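Chain and residue survey
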Amino acid sequence: MWIEQNQLDIKTIKYIDEKGKALQTDISLSEQQLLEMYKGMVKARVFDVRAMKLQRQGRIGTYAPLQGQEAAQIGSAYATGEKDWIYPSYREIGVSIMKGMPMERLFMYTMGHLEGLAQHAANVFPVQIIIGAQYLHAVGGAWASQYQKEDSVAVAYIGDGGTSEGDFHEALNFAGVYKLPIVFVVQNNQWAISVPFEKQTASKTIAQKALAYGITGVRVDGNDVVAMYMTMKQAIEKAKAGEPVLIEAVTFRQGPHTTADDPTKYRLPDEESEWGEKDPLVRIKKYLTESGSWNEEKDQQLFDEMAELVTQAFTKAQSEEPSQLTDVFEHIYKEKTPQLVEQQVQAEGEKRP
Ligand SMILES: Cc1ncc(C[n+]2csc(CCOP(=O)(O)OP(=O)(O)O)c2C)c(N)n1
């Protein structure tokens, strides 16, 4: 018998619709938890909008915005525990914020400070720029956790484009064979720089790719923070029980890929406005307002409060001593190899004034 894509009926999990109405009755989140997630989303949005402006003013370096992906990031991060490990790409600013990375550190990263990559007890690994590499690091981490019988999972983030990299497939294969405690989160934001989803893969979904590796896949509305949280909670349970999971979060990158590109060159305004109406912040705000726990006045106050925190973080980042070129040698191996020592000596001759 042939196995064909059309036999697969993959539904997209959704808890709150675009109008802010609940679609399911088993939302096991308290009002306080929902508000905490909304506050995390607003914090990420305010940071993001500010970072874009600061880059345009030349005050920080290249920045990869997350606007539009707040629900996918905050909902998944909020479901993780303190002992769980996060393996991010360059776009997981919201995840890092939710996991407790100080915002000044996130700014420092964009300003070239090595300290911007340090974990600061937040269990967030350094940002990975090589597409897909973090999936292998996460597999290694999960394998170590399994070996040491730790009660933790590794959570690895990647974009839709990253699923075309060999590292993605190797990671899923290894996780499936060794039944690792790992959750693979794919933020399918529709674009890998200028390459659209349909030119990236002939698969109907990314979730279905999990099956080929003997692991569990699920497709979630990535703009629905409740759906992201609920699914992630279940995925973590499964992963801890030796059942690795792949979550495809269907979302949209509202801004450019990074501050170095111009999306008007490769995508149409219609697509942007269509997704703009599905904005993840608006959806949960409508839900909270409808339930009586939120209003415009509180909303304005929250945005102002976050703007102040972001200003403080940037001021702090600016007051830090810049990293020196030679500092990088301190963070490679516990004991430097002779080659590194040689390179460091050479680099010291080129110290910045
Ligand atoms: C191995 C590798 N190849 C190419 C690049 C250049 N590159 C940077 S981002 C990117 C696209 C990534 O798209 P996607 O995985 O969908 O993630 P998104 O940026 O949309 O979050 C590419 C090709 C890279 N960083 N690493």
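From a predicted model like this one, the values you see are computed outputs, not experimental measurements.

1. A look at the overall build of the protein chain
Along its length, the protein chain carries twelve helices and eight strands. For 353 residues, the compact-globule formula gives about 20 Å, and the C-alpha radius of gyration of the protein chain, at 21 Å, lands near that figure. Looking at the 353 residues of the protein chain, the share that counts as buried comes to 50%. Expressed as a percentage of contacts within the protein chain between residues at least 6 apart in sequence, the contacts between residues at least 24 apart total 74%.

2. Remarks on the UniProt feature "domain: Dehydrogenase E1 component" (unreviewed entry) in the protein chain
Under the local residue numbering, the UniProt record ascribes the feature "domain: Dehydrogenase E1 component" (unreviewed entry) to residues 39-322. As annotated, residues 39-322 comprises 46% helix and 11% strand, and the C-alpha atoms at either end are separated by 31 Å.

3. Here's the deal with the environment of K209
Turning to its location among the elements, K209 is positioned in the loop between α7 (197-200) and β7 (216-221). When its relative accessible area of 13% is taken as the criterion, K209 is described as buried. When residues no more than four places from it in sequence are discounted, the contact partners of K209 are T163, F168, L172, T201 and S203.

4. What about the site of the ligand?
The environment of the ligand is formed by 15 residues, the closest being Y90, R91, G161, G162 and W191. A distance of 2.9 Å is found between a nitrogen atom of the ligand and a backbone nitrogen or oxygen belonging to I129. Here an oxygen atom of the ligand and a side-chain polar atom of H257 are 3.3 Å apart. For the shell around the ligand, the residue count by class is seven nonpolar, five polar and three charged.

5. A look at the domain arrangement of the protein chain
Under the domain assignment used here, the protein chain contains domain 1 (13-322) and domain 2 (323-352). The straight-line distance from the C-alpha centre of domain 1 to that of domain 2 is 33 Å. Taken residue by residue, the interface counts six residues in domain 1 and five residues in domain 2. Of the roughly 390 Å² buried at the junction of domain 1 and domain 2 (both faces included), carbon and sulfur atoms supply 55%. Summed over the shared surface of domain 1 and domain 2, the number is zero salt bridges.

6. Concerning helix α10 (residues 280-290)
Turning to α10, its buried residues are P280, L281, R283, I284, K285, Y287 and L288. The backbone nitrogen of L281 has a side-chain oxygen 2.8 Å away, supplied by the residue at the start of α10, namely D279. Once α10 finishes, G292 follows within two positions and takes phi at roughly 90°, a positive value.

7. Some thoughts on empty space enclosed by the protein
Summed over the entire model, instances satisfying the criterion amount to one cavity of 30 Å³ or more. What the largest cavity holds in volume is close to 110 Å³. Along the wall of the largest cavity there are 15 residues; nearest its centre are S96, M101, L106, G116 and V127. For the lining of the largest cavity, the elements supplying multiple residues, two or more each, are α3 (93-98) and α4 (103-110). Within the lining of the largest cavity, the residues separate by chemical class into eleven nonpolar, three polar and one charged.

8. Observations concerning the pairing of β7
As judged from the two bridges shared by strand β1 (residues 12-13) and β7, these two strands associate in the parallel manner. Pairing of T12 across the sheet is with R219, part of β7. With six bridges joining them, β7 and strand β8 (residues 245-250) adopt parallel strand pairing. Of the residues in β8, the one forming a bridge with T216 is V245. At this point the chain moves from β7, through helix α8 (residues 225-240), to the parallel β8, and the crossover so formed is right-handed.

9. Some details on the pattern of salt bridges
Per the stated rule, a full pass over the model turns up 18 salt bridges. The salt bridge partner of K14 is E18, with a shortest N-O separation of 3.0 Å. The exposure class of K14 is partly exposed, given its relative accessible area of 26%. The residue E18 makes a salt bridge to R283 at a minimum N-O spacing of 3.4 Å. Note that E18 is positioned in the loop between β1 and α1 (31-56) and R283 in helix α10, a separation of 265 residues in sequence. With a relative accessible area of 31%, E18 lands in the partly exposed category.

10. Structural notes on the packing of aromatic side chains
Throughout the structure, instances matching the rule amount to 14 aromatic pairs. Taking 4.9 Å as the distance between ring centres and 75° as the angle between the ring planes, the aromatic pair formed by W143 and F174 counts as edge-to-face. Separated by 31 residues along the polypeptide, W143 in helix α5 (residues 133-147) and F174 in helix α6 (residues 166-178) bring together distant segments of the chain. Here F174 falls in the partly exposed class, since its relative accessible area comes to 27%. Taken together, the ring pairs in this structure connect F47, Y63, F107 and F314 into an aromatic cluster. K278 extends its terminal NZ or CZ atom over the ring of W275, reaching a point 4.3 Å from the ring centre.

Basis of the calculations
Residues numbered from 1 in each chain as written. Predicted model: local features only at pLDDT ≥ 70, side-chain atom pairs only at ≥ 80, totals over all residues. Heavy atoms only, no water. Helix = DSSP H or I, 4+ residues; strand = E, 2+ residues; numbered from the N terminus. Rg over C-alpha atoms; globule rule 2.2 N^0.38 Å. Buried < 20%, exposed > 50% of the residue type's maximum accessible area, 1.4 Å probe, protein only. Contact = heavy atoms within 4.5 Å. UniProt positions renumbered as here; feature names shortened; annotations may be inferred. Near = heavy atom within 4 Å. Polar contact = N/O pair within 3.5 Å; in protein donor to acceptor, adjacent residues only side chain to side chain. Nonpolar A, V, L, I, M, F, W, Y, C, P; charged D, E, K, R; others polar. Domains from an automatic or database assignment. Buried area = accessible area lost by both parts, 1.4 Å probe. Salt bridge = Lys/Arg side-chain N within 4 Å of Asp/Glu carboxyl O. 1 Å grid on protein atoms, 1.4 Å probe; cavity = no way out; pocket = protein on both sides within 12 Å on 5 of 7 lines; lining within 4 Å. Points joined across faces, edges and corners; volume = space filled by probe spheres on them. Pairing = 2+ DSSP bridges. Right-handed = clockwise from strand over helix to strand, strands pointing away. Phe/Tyr/Trp six-rings, centres within 6.5 Å; stacked < 30°, edge-to-face > 60°. Lys NZ or Arg CZ within 6 Å of the ring centre and 35° of its normal.

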